[in-house]
Amino acid sequence: MMKRKAALAAGALAIVFGGAVPAAAAPTTAASRTGTFYGTYQHSDGCVYLRSAAGYHYLLEGYTMGGNGGLYKKGGGFIAYPGWKIAAHGTQYNKTSTTLCTTWGAYRRIKATSIHAY
């Protein structure tokens, strides 16, 4: 609780005096979770995604799109065509970065250990 108050105080001082708040003063949250994530396979801008039932797009790291639009494991191994239902087992996390995946972005990501169509 004391760290949070200190971070809020540092932020308030920065706003009043026009300074920057150091990253160490900002509270951090762990946004990752491990499990099996279900959805449909979609692609855009050459990037491959799992689209959840809630409509969120998760970039699938370590996987690629083939010339036929299909989802492949890097190094080979066909998994699914666009629109097929897939299950990805791994860790979901959020990461802010610059990317060529402009349509749906790359903030939400899944580092999958395995993906299969069902």
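Residues numbered from 1 in each chain as written. Predicted model: local features only at pLDDT ≥ 70, side-chain atom pairs only at ≥ 80, totals over all residues. Heavy atoms only, no water.

(A) Spatial organisation of the sheet that holds strand β5 (residues 71–73). Sheet architecture is open: 3 strands sit in the order β4-β5-β6, paired in antiparallel fashion. In the strand order of this sheet, the two ends are held by β4 (63–65) and β6 (78–80), each with one partner. For this sheet, the mean angle separating the axes of adjacent strands, direction not counted, is 40°. Strand direction decides the pairing type here: β4 and β5, joined by 3 bridges, are antiparallel. Across the sheet, the residue bridging to Tyr-63 is Lys-73, located in β5. (Pairing = 2+ DSSP bridges. Helix = DSSP H or I, 4+ residues; strand = E, 2+ residues; numbered from the N terminus. Axes fitted to C-alpha atoms, helices over the stretch in contact; angles between N-to-C directions.)

(B) Structural view of the state of the cysteines. Following the criterion strictly, the structure yields 1 disulfide and no others. Put simply, Cys-47 and Cys-101 are joined by a disulfide, and their sulfur atoms are 1.8 Å apart. Between Cys-47 and Cys-101 the disulfide shows an S-S torsion of about -80°. By sign, it is left-handed. With Cys-47 in strand β2 (residues 47–51) and Cys-101 in the loop between β7 (85–94) and β8 (108–117), this pair connects stretches of sequence that are 54 residues apart. Each of the two residues, Cys-47 as well as Cys-101, counts as buried. (Disulfide = S-S within 2.5 Å. Buried < 20%, exposed > 50% of the residue type's maximum accessible area, 1.4 Å probe, protein only.)

The quantities given are spatial measurements derived from coordinates; they are silent on function.
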